[in-house]
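# An overview of the molecular structure
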Amino acid sequence: MSLTNKDKDIVKAFWAKIGGKADEIGADALGRMLMVYPQSKTYFAHWKDLSPGSAPVKKHGKTVMAGVGTAVAKIDDLAGGLLTLSELHAFTLRVDPANFKSLAHCFLVVLAITYPKDFTPEVHMAVDKFLAALARALSEKYR
Amino acid sequence: MVEWTDFERATIQDIFSKINYEVVGPAALSRCLVVYPWTQRYFGNFGNLYNAAAIASNPLVAKHGTTILHGLDRALKNMDNIKETYSELSVLHSEKLHVDPDNFKLLSDCLTIVLAAQMGKDFTADVQGAFQKFLSVVVSALGRQYH
């Protein structure tokens, strides 16, 4: 299920539309994931506060979205473009890849809430495919 | 048996009391058919599913979307016995319809997203958690009689 040129165009356009809201969206998605998929909390036991809107969640949402931004910029070569991040996730963070799906879903939910008219089924599909490709690239180095 | 908090019970009842079945059901099913096109395999006799526009305006899809959403009413009315409540429907989906149960999750995800778009800011993390828990219990019950 590789990204078609149409998918890439849709993703790039939607990312441009998101613009400065990226950090807010990232924080919201992360906060939701921690609440809706409690297993994801196991990776953040070192945080004081895991509730939606808390400082660590906001900060980390920003970090994650920076990674998504990189992926959008390198959409034509995700494996290559995300090599460093892949190594980080594989050797240091060792996040079980199932959690990428959980975060992706929460990201889609936030997009639906923020852009109810623009997040059409076609946009949904393109973004879903992109997030899946991103997750794959992120797990490249796992084994 | 599934444990429901008061918040979860109240949230689920509240959501369904306000939902427009004829809008949300069709939107969820058509979104599923577009986002996960392989799910179209179950709807060979629905006519034109050629593209997103065709799916969105297909009356059979709309009708079936509404039917599916009303199927959740049983869970709503029997929250403490969802497993037994869906026993027959599970057999139906397995033995007559031959639906891969993984598809239930795909439809659930689309329904969640459609509801999120409808409810906007009211679809908080807590509400999302309650709704997804409800759907996952139904999905589990629907898959139970497969063998």
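Residues numbered from 1 in each chain as written. Chains lettered and ligands numbered in written order. Predicted model: local features only at pLDDT ≥ 70, side-chain atom pairs only at ≥ 80, totals over all residues. Heavy atoms only, no water.

## A look at the overall build of chain B
The test is simple: Secondary structure elements are taken from DSSP: a helix is a run of H or I of four residues or more, a strand is a run of E of two residues or more, and numbering for both begins at the N terminus. Radius of gyration here uses only the C-alpha atoms, and the compact-globule reference equals 2.2 Å multiplied by the residue count raised to the power 0.38. Each residue gets one of three labels from its accessible area relative to the maximum for its type: buried under 20%, exposed over 50%, partly exposed in between, using a 1.4 Å probe on protein chains only. Note on definitions: a residue-residue contact is assigned when non-hydrogen atoms from the two residues lie within 4.5 Å.
Within chain B one finds nine helices and zero strands. When the elements of chain B are put in sequence order from the N terminus, they spell out α-α-α-α-α-α-α-α-α. A compact globule built from 147 residues would reach a C-alpha radius of gyration of about 15 Å, and chain B, at 15 Å, matches this within 12%. With the C-alpha coordinates aligned to their principal axes, the bounding extent of chain B is approximately 45 × 40 × 20 Å. Across the 147 residues in chain B, those meeting the buried criterion constitute 48%. For chain B, restricting intrachain contacts to residue pairs at least 6 apart in sequence, the fraction spanning at least 24 positions comes to 74%.

## What to know about the packing of aromatic side chains
All names here are of chain B. The test is simple: Only the six-membered ring of Trp is used, alongside the rings of Phe and Tyr, when aromatic pairs are assigned; centres must lie within 6.5 Å, and planes under 30 degrees apart are stacked while those over 60 apart are edge-to-face, with the rest tilted. Both a distance and an angle decide whether a charge sits over a ring: NZ of Lys or CZ of Arg must be within 6 Å of the ring centre and within 35 degrees of the ring normal.
Enumeration according to the criterion identifies twelve aromatic pairs over all chains in this entry. Among the aromatic residues, those joined into a ring-pair cluster are Trp4, Phe16, Tyr21, Phe123, Phe131 and Phe134. Positioned above the aromatic ring of Tyr42 is the side chain of Arg41, whose terminal nitrogen or guanidinium carbon lies 5.0 Å from the ring centre.

## Things to note about the environment of B:Ala116
Along the chain, B:Ala116 turns up in helix 8 (residues 102-119). Classification of B:Ala116 by relative accessible area gives buried; the value is 0%. B:Ala116 sits 103 residues away from B:Gln13 along the chain, and the two C-alpha atoms are 16 Å apart. Not counting residues within four places of it along the chain, the set of residues in contact with B:Ala116 comprises A:Val109, A:Ala112, A:Ile113 and B:Phe123.

## Here's the deal with the interface of chain B and chain A
Put simply, the test is: Joining two parts hides part of their accessible area as seen by a 1.4 Å probe, and the buried area is that hidden amount summed over both. Polar contact criterion, stated in full: a pair of N or O atoms within 3.5 Å, where within protein one must be able to donate a hydrogen and the other to accept it, and residues adjacent in sequence count only if both atoms are side-chain atoms.
Contact residues are listed per partner, giving 21 residues for chain B and 20 residues for chain A. Summed over both partners, the interface of chain B with chain A comes to about 1700 Å²; 65% of that surface belongs to carbon and sulfur atoms. For chain B, the biggest contributors to the area lost against chain A are B:Arg31, B:Ile113 and B:Gln128; these three give 30% of the whole. In this structure, the connection of chain B to chain A is made through seven residue pairs in polar contact (both at pLDDT 80 or more). Contributions of two or more residues to the side of chain B that touches chain A are made by helix 2 (21-35), helix 8 and helix 9 (125-143) of chain B.

## Considering the confidence of the model for chain B
Residues and elements named next belong to chain B. Rules: pLDDT: the predictor's confidence for each residue, scored from 0 to 100.
Chain-level pLDDT for chain B is 96 on average; 100% of the residues reach the 70-or-more range. By mean pLDDT, helix 7 (residues 87-96) is the weakest element of chain B at 94, and helix 1 (residues 6-18) is the strongest at 98. With a pTM of 0.92, the predicted complex shows an ipTM of 0.88.

## Considering the side chain of A:Asp128
The condition that has to hold: Note on charges: Lys and Arg go in the positive column, Asp and Glu in the negative column, and His and the chain ends are not counted at all. Salt bridges are defined as contacts in which a side-chain nitrogen from Lys or Arg sits within 4 Å of a carboxyl oxygen from Asp or Glu.
Considering the arrangement of structural elements, one finds A:Asp128 in helix 7 (residues 121-138). Salt bridges are absent for the buried A:Asp128, whose nearest opposite-charge side chain, A:Lys101, sits at 7.9 Å. Within polar-contact distance, the side chain of A:Asp128 engages the side chain of B:Tyr36 at 3.4 Å. Beyond its immediate stretch of four places on either side in the chain, A:Asp128 contacts A:Leu108, B:Val35 and B:Tyr36.

## Things to note about the pattern of salt bridges
Summed over the entire model, instances satisfying the criterion amount to eight salt bridges over all chains. Of the charged contacts in the structure, one is a salt bridge between A:Lys17 and A:Asp118, with a shortest N-O distance of 3.3 Å. Of the two residues, A:Lys17 is situated in helix 1 (residues 5-18) and A:Asp118 in the loop between helix 6 (98-114) and helix 7; the sequence distance between them amounts to 101 residues. Look at A:Lys17 and you get partly exposed, because its relative accessible area is 43%. As a salt-bridge pair, B:Glu8 and B:Lys133 come within 2.9 Å of each other at their nearest N and O atoms. Taken as a pair, B:Glu8 in helix 1 and B:Lys133 in helix 9 lie far apart in primary sequence, 125 residues in all.

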